[in-house]
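Breakdown of the fold
Here are the chains, one letter per residue:
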Amino acid sequence: MANIIDGIFIPSCMNVLTQEEMDKKDKEKNIDKNTFALAFYRWYPDRLADVMVDEKGGRRLHHDQRLFMRILARFYSMTGVYSRSYGKTMLEVLTNLMMGIVYPKSELAISAQTLTNAQKILISKMKDILDFFPSLKKEINEKATSYNKDKCQVVLKNDSNIGILANLSSSKGQRKHALSIEESALIDKYTFEDSLRPIPDDPRHMCNYIPDPNPIEPHRRIDFFTTPYYKASPEYKRILDRFHNMFELQGDFVIGADWHLNAWYGRGKGKREIQREKFDNNPISFLMNYGGKFVGVSQDALVDMAKLLDLRILEHAEYECDENGEYYMGVDVARRSVSSSSTKGSRGCQTSIIIIKVKRKQNNRISSIELPYIETIFGDELFTNQAVRIKYIADKFKINACILDTNGLGVGLADELMKTQEKEGITYKSWASLNTDDKPEEKDSSRLLFRFVAQGKQTQIITHFMGVINSGQLKLLKTLDNTIMEESIIDLSPLEQLPYIHTELLIQEISNLKLVTTDAYNSLTVKQVVAKFGKDRFSGLSYVLWYVKEHTDNVQDDDVYDMTDYVFVI
């Protein structure tokens, strides 16, 4: 049973004093043992976790995990950049529990992208921790502990508690003694500065007769945990600042590792599984999730990634048109097709289909452009099959135009779109060209196909693309975690999730592009940083954005003036 001597809470798991020693009148001699134990476990939280492991079961911490916990306990701010499967969240929750035990009445919090996500993290990690460290149950106040969404917190018997928060503006005004931020790379600068940074402003006061903050305790602690992200993101710049502060002994500590560390210790996925992930995933995703590297470019980037990520505000994808929507399609044709057998899983380039939804002001100028749907077709599909799929999607959205680059292989797809196809008893009528004299197969064909060669218009295309990003006109889908994790939204089927996944891949493509000025007439072009990673989705989007800005963003005067209204004849 836990004890309190002169205001110092002694957890029962420490077992420093026997009951006989507790009954002695001269407590001052024995209290030294307790204060030493508390000081020791505050400095070595991993050793306190060792006390809670049963001899017959439980888990012993590895050396890197002990280092993780000690850094988190000793410094004012820890930044951990680790790969998937490392187990950083479990260590984060475990350390907070240990610190809650040795610092009575601590108000600690773990934040994630949404409250639902944070709740699931705390519940799942607490289950693992109690399995690995069963004696910890003796320190938990089960009556006060709750895992409900409205009040999800773990309360200890010394009145410390570990709760949850969201990495959103809704957390503004909350107060905790310490905050651990999950996936900190996904937080924009404004939300962090305005809502999250002030949360641990109030220090923890000691519980004995000295009601002042402990001067050597790491008050106002904010810790950051994430997998690598984009170099142009605010988090990358924050990490560089914290790294500088670490060398200046300002209380920050930055540490991280790629997949090799946890694979060496046998945690998470093994070496063969990781190598399989490397072949199955695209290079950018692998570097972020397992390679331990921030990707993209920090200089000469095509667009400001922070601005681009701020444009992810659309809650729902669209799978067909709404009643009054104005839709356009952009298509980039696969330039090459590589069989999976020759490249160990690489499928080469893909034909990308981009659907945008244009919203206008009263004067017909574009106010915003939404991107509610993206789809890709494998490059080894016949042009006939690709044309059928493109027409099927076009019918779903009732598009106004399909913009297609007819340079190279695009000519073959354009010719196929101007023919009539039949598949599974459905007839897909031929399209006519909007801007050329090419004759379709049928005379009454819908004028939907805009044929052009992008090679000579790269400067205009890139300029319009950068413009819609910098102006904030473009709106993108949110991540799956921010969308379908909420209880108010029904879980999506795998096919319905594809537009969200393709949006994430689109952002990865954009982050991999560097803006280049060529010698000839100072024209603009883009260059891939990682050559193996394509830019098909970006190309399809840039084509359709160029079209709507160049050909449809025109002012229509509502009033028509007649000069005779202002002429007086005498």
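Residues numbered from 1 in each chain as written. Predicted model: local features only at pLDDT ≥ 70, side-chain atom pairs only at ≥ 80, totals over all residues. Heavy atoms only, no water.

Comments concerning the pattern of salt bridges
- A full pass over the atoms with the stated rule returns 28 salt bridges.
- Residues arginine 47 and aspartate 50 are paired through a salt bridge, measuring 3.8 Å at the closest nitrogen-oxygen approach. Residue arginine 47 and its partner aspartate 50 are both found in helix 3 (residues 45-51); the two are separated by three residues, about one turn of the helix.
- A salt bridge links glutamate 318 to lysine 357, with the nearest nitrogen and oxygen atoms 3.2 Å apart. One end of the pair, glutamate 318, is in the loop between strand 11 (312-314) and strand 12 (326-332); the other, lysine 357, is in strand 13 (residues 350-360), with 39 residues separating them in the sequence. Like lysine 357, glutamate 318 is buried.
- Three or more residues joined by partner-sharing salt bridges are found here, namely Asp46, Arg47, Asp50, Arg66 and Arg70. (Salt bridge = Lys/Arg side-chain N within 4 Å of Asp/Glu carboxyl O. Helix = DSSP H or I, 4+ residues; strand = E, 2+ residues; numbered from the N terminus. Buried < 20%, exposed > 50% of the residue type's maximum accessible area, 1.4 Å probe, protein only.)

With respect to the packing of aromatic side chains
- All told, the structure shown has 22 aromatic pairs when counted by the stated rule.
- With a centroid separation of 5.7 Å and an interplanar angle of 50 degrees, the aromatic rings of phenylalanine 68 and tyrosine 82 are classed as tilted. On the criterion of sequence distance, the pair formed by phenylalanine 68 in helix 4 (residues 63-74) and tyrosine 82 in strand 3 (residues 77-82) is long-range, its members being 14 residues apart. Taken individually, phenylalanine 68 and tyrosine 82 each receive the classification buried, so the pair is uniform in this respect.
- Arranged with centres 5.5 Å apart and planes meeting at 85 degrees, the rings of phenylalanine 452 and tyrosine 543 form a pair that is edge-to-face. Of this pair, phenylalanine 452 sits in strand 19 (residues 446-452) while tyrosine 543 sits in helix 19 (residues 536-552), placing them 91 residues apart in sequence. The two residues phenylalanine 452 and tyrosine 543 agree in class, both being buried.
- The rings of Tyr328, Phe450, Phe452, Tyr543, Trp546 and Tyr547 are connected pair by pair, giving a single aromatic cluster.
- Here arginine 238 stacks its cationic end above the ring of phenylalanine 192, 5.3 Å away from the centre of that ring.
- Sitting over the face of the ring of tyrosine 86, arginine 267 holds its NZ or CZ atom 4.9 Å from the ring centroid. (Phe/Tyr/Trp six-rings, centres within 6.5 Å; stacked < 30°, edge-to-face > 60°. Lys NZ or Arg CZ within 6 Å of the ring centre and 35° of its normal.)

Focus: the sheet that holds strand 20 (residues 474-477)
- As summarised here, the arrangement of the eight strands in space is 11-20-14-13-12-15-19-18, forming an open sheet in which the pairing is mixed. What marks the edges here is a single partner per strand, and that holds for strand 11 and strand 18 (431-433). Sheet twist, expressed as the mean angle between neighbouring strand axes with direction ignored, is 35 degrees.
- Bridging between strand 13 and strand 14 (residues 366-378) involves ten bridges; their strand directions are antiparallel. Residue pairing in the sheet places arginine 360 in a bridge with isoleucine 366 of strand 14.
- The sheet strands contacting helix 18 (residues 494-511) are strand 11, strand 14 and strand 20, and the helix crosses strand 14 at an angle near 100 degrees. (Pairing = 2+ DSSP bridges. Axes fitted to C-alpha atoms, helices over the stretch in contact; angles between N-to-C directions. Contact = heavy atoms within 4.5 Å.)

Thoughts on the packing of helix 4 against helix 5 (residues 88-102)
- Between helix 4 and helix 5, whose axes approach to 10 Å, the crossing angle comes to 50 degrees. Relative to helix 5, the element helix 4 is oriented oblique. Helix 5 is crossed by helix 4, and the crossing has right-handed handedness. Only Lys88, Leu91, Glu92, Leu94, Thr95, Met98 and Met99 of helix 5 make contact with helix 4, whose side of the interface consists of Gln65, Phe68, Met69, Leu72 and Ala73.
- Its residues assigned to classes, the contact of helix 4 with helix 5 comprises eight nonpolar, two polar and two charged. (Parallel < 35°, antiparallel > 145°, perpendicular 65-115°, else oblique. Left-handed = near helix turned anticlockwise from the far one by under 90°. Nonpolar A, V, L, I, M, F, W, Y, C, P; charged D, E, K, R; others polar.)

Focus on the sheet that holds strand 7 (residues 161-166)
- If you trace the eight strands from one edge of the open sheet to the other, you get 5-6-7-4-8-9-3-10, paired in mixed fashion. The sheet is open, and its two borders are formed by strand 5 (146-147) and strand 10 (252-257), each paired with just one other strand.
- Of the pairings in the sheet, the one linking strand 8 (residues 178-182) to strand 9 (residues 221-226) comprises five bridges and is parallel in character. Across the sheet, the residue bridging to isoleucine 181 is phenylalanine 224, located in strand 9.

Examining unusual backbone geometry
- Within the chain, lysine 105 stands out as a residue other than glycine whose phi angle is a positive 60 degrees.
- A residue is classified by how much of its surface remains accessible, and lysine 105, at 48% relative accessible area, is partly exposed.
- Here leucine 249, not a glycine, exhibits a phi torsion of approximately 60 degrees, which is positive.
- Checked against the element boundaries, leucine 249 lands in the loop between helix 8 (234-247) and strand 10.

Some points on the nonpolar core
- Leu302, Leu308, Ile356, Phe465, Leu474 and Leu541 are the most contacted members of the largest nonpolar core, which totals 53 residues.
- Once residues within four sequence positions are removed from consideration, leucine 474 is found in contact with Leu311, Ile369, Val468, Ile469, Leu541 and Leu545.
- Residues Ile101, Ile121, Val154 and Ile255 belong to the second largest nonpolar core, which totals 48 residues. (Core = buried A, V, L, I, M, F, W, Y, C linked by side-chain atoms within 4.5 Å.)

Digging into the confidence of the model for the protein chain
- Confidence along the protein chain averages 83 in pLDDT terms, with 85% of residues attaining 70 or more.
- Across residues 1-8, where pLDDT falls below 50, the model places 22 contacts with residues more than four positions away in sequence or in other chains.
- Contacts for the low-pLDDT stretch residues 337-347, under 50 throughout, to residues beyond four places or in other chains number twelve contacts. (pLDDT = per-residue confidence, 0-100.)

Concerning the pairing of strand 19
- The element strand 19 is extensively covered by neighbouring structure, given that five of its seven residues are classed as buried.
- Taken together, the four bridges between strand 15 (residues 402-405) and strand 19 define a ladder with parallel strand orientation. Pairing of aspartate 405 across the sheet is with phenylalanine 452, part of strand 19.
- Relative to strand 19, strand 18 is paired through three bridges, and the arrangement is parallel. Following the sheet pairing, serine 433 is matched in strand 19 by leucine 449.

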